[in-house]
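# What the coordinates show
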Amino acid sequence: MRRWARTRAGAGAVALAALAVGCTIQTEGGGAAQGSEGGGSVLAVKIDNVGAARPQTGIDAADVIYVEQVEAGLSRLMAVFATELPPVIGPVRSARETDLELLRQFDRPALAFSGAQSKLLPLIDGSPLRALPPGKAPGDAYYRDGGRAAPHNLFVRPKALDSGARAGALESTGFRFGPRPAGGTPETRRTVRYPSASFTFDWVEYEGRWRVAMDGTRARTSGGKELRPSTVVVQYVKVRPSRFHDRSGSVTPFTETVGEGTARVLRDGRAYEARWERPSAGDGTRFTTPGGEPLPFAEGQVWVVYAKA
């Protein structure tokens with residue numbers, strides 16, 4: 001949402017203050033990598049999400065996690081990092097056409113991915129992003145974990161990518177952060193299902209967070225940390241077949257993130273009916289109440305789960 005970010009700089013500053021206390025990005029060595037002044041870039045990493053890829057590493061540090069449907073009704077994650085860079089992230093998997101439209105909201109983001117279908121590569125090369133697969137990244141950025149089976153064993157050291165990520169880049173998402181709004185209805189559990197995957201979010205009152213389960217199993221990182229977003233957005237979108245397919249012939253879905261529609265925003269143990277609007281790929285997504293007022297998210301990690309409208 002680059003255009004809105006410029007016209008609403010004050011709102012963006014409030015959002016970032018809520019999202020990134022301390023206004024720095026912590027790197028592997030514990031120092032500040034970049035300041036949080038407006039602008040800058042993000043690091044987006046495509047994350048494998050089949051059972052053999054779990055537990056994942058480093059995604060608890062992401063500012064935003066997008067969930068999208070891929071071939072055969074499975075799911076894949078895109079983890080977006082700006083305020084904190086963990087030492088290692090993964091397993092890293094391939095990019096999809098949906099990612100290119102989604103990432104247009106950011107100013108030249110860096111995209112870490114394992115590769116892509118050959119016919120998609122020219123589109124990636126022509127997109128306004130820094131493509132950083134293993135062949136284009138520094139030699140020490142990626143490595144294979146010998147304790148895992150391929151292809152679920154590729155990991156990246158984000159510091160080696162020199163992505164230029166900074167908290168100010170998150171202004172372009174269009175997200176607003178603030179106190180819990182009035183209204184909503186009590187809701188302590190929500191499940192979103194794809195044909196071959198499911199996500200369940202349970203509210204944990206004493207933690208003030210949502211607990212995540214994927215395919216019926218509680219989600220933890222390889223370090224044992226539970227995934228605990230503060231806000232979960234179930235965004236209802238059009239999902240249609242793309243012109244691409246995988247090696248087995250399964251058609252790759254394309255998730256349309258430009259347009260408008262309905263959403264359900266979960267925060268503080270309550271659910272809020274919402275409208276979403278993203279006028280163009282260069283804009284972020286604005287979430288509002290049915291009456292048109294901005295709908296603020298809770299401070300902390302945000303999950304956006306794309307569900308078929």
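First things first, this report covers the structure right here in the doc. (Residues numbered from 1 in each chain as written. Predicted model: local features only at pLDDT ≥ 70, side-chain atom pairs only at ≥ 80, totals over all residues. Heavy atoms only, no water.)

## Focus on the pairing of strand E5 (residues 75-81)
Going by this rule: For each residue, the accessible area found with a 1.4 Å probe, counting protein chains only, is set against the maximum for its type, and the residue is called buried under 20%, exposed over 50%, and partly exposed in between. Under the scheme used here, helices are H or I runs from DSSP no shorter than 4 residues and strands are E runs no shorter than 2 residues, and both carry numbers assigned from the N terminus. Paired strands, as defined in this entry, are two strands with at least two bridges between them according to DSSP.
With seven of its seven residues buried, E5 lies for the most part within the structure. Residue alternation in E5 divides its side chains into two sets, Ser 75, Leu 77, Ala 79 and Phe 81 and Arg 76, Met 78 and Val 80, and both sets are buried. Note: strand E3 (residues 43-47) against E5, five bridges, orientation antiparallel. Each residue of the ladder has a partner; that of Ala 44, found in E5, is Val 80. As paired elements, strand E4 (residues 64-69) and E5 share six bridges and run antiparallel to each other.

## Some points on the packing of aromatic side chains
We apply this condition: Aromatic rings from Phe, Tyr and Trp, with only the six-membered ring used for Trp, were paired whenever their centres fell within 6.5 Å, and each pair was classed as stacked if the ring planes differed by under 30 degrees, edge-to-face if by over 60, and tilted otherwise.
In total, this model carries nine aromatic pairs according to the counting rule given. Arranged with centres 5.9 Å apart and planes meeting at 25 degrees, the rings of Tyr 143 and Phe 155 form a pair that is stacked. Of this pair, Tyr 143 sits in strand E8 (residues 142-144) while Phe 155 sits in strand E9 (residues 154-156), and the two are 12 residues apart along the sequence. Classification of Tyr 143 as partly exposed rests on a relative accessible area of 27%. These aromatic residues form a ring-pair network of at least three members: Phe 175, Phe 177, Phe 287 and Phe 297.

## Thoughts on unusual backbone geometry
Residue Arg 54 is joined to Pro 55 through a cis peptide bond whose omega torsion reads 0 degrees. Summarising the element assignment, Pro 55 is placed in the loop between E3 and E4. Backbone torsion omega between Ala 150 and Pro 151 reads 5 degrees, so that peptide bond is classified as cis. Tracing the backbone shows Pro 151 in the loop between E8 and E9. Its identity is not glycine, yet Asp 162 carries a phi of approximately 50 degrees, on the positive side. Its location among the elements puts Asp 162 in the loop between helix H5 (158-161) and strand E10 (185-186). Residue classification places Asp 162 among the exposed residues on the basis of a relative accessible area of 61%. Positive phi, close to 55 degrees, is recorded for Asp 215, a residue that is not glycine.

Keep in mind these values describe shape, not function.
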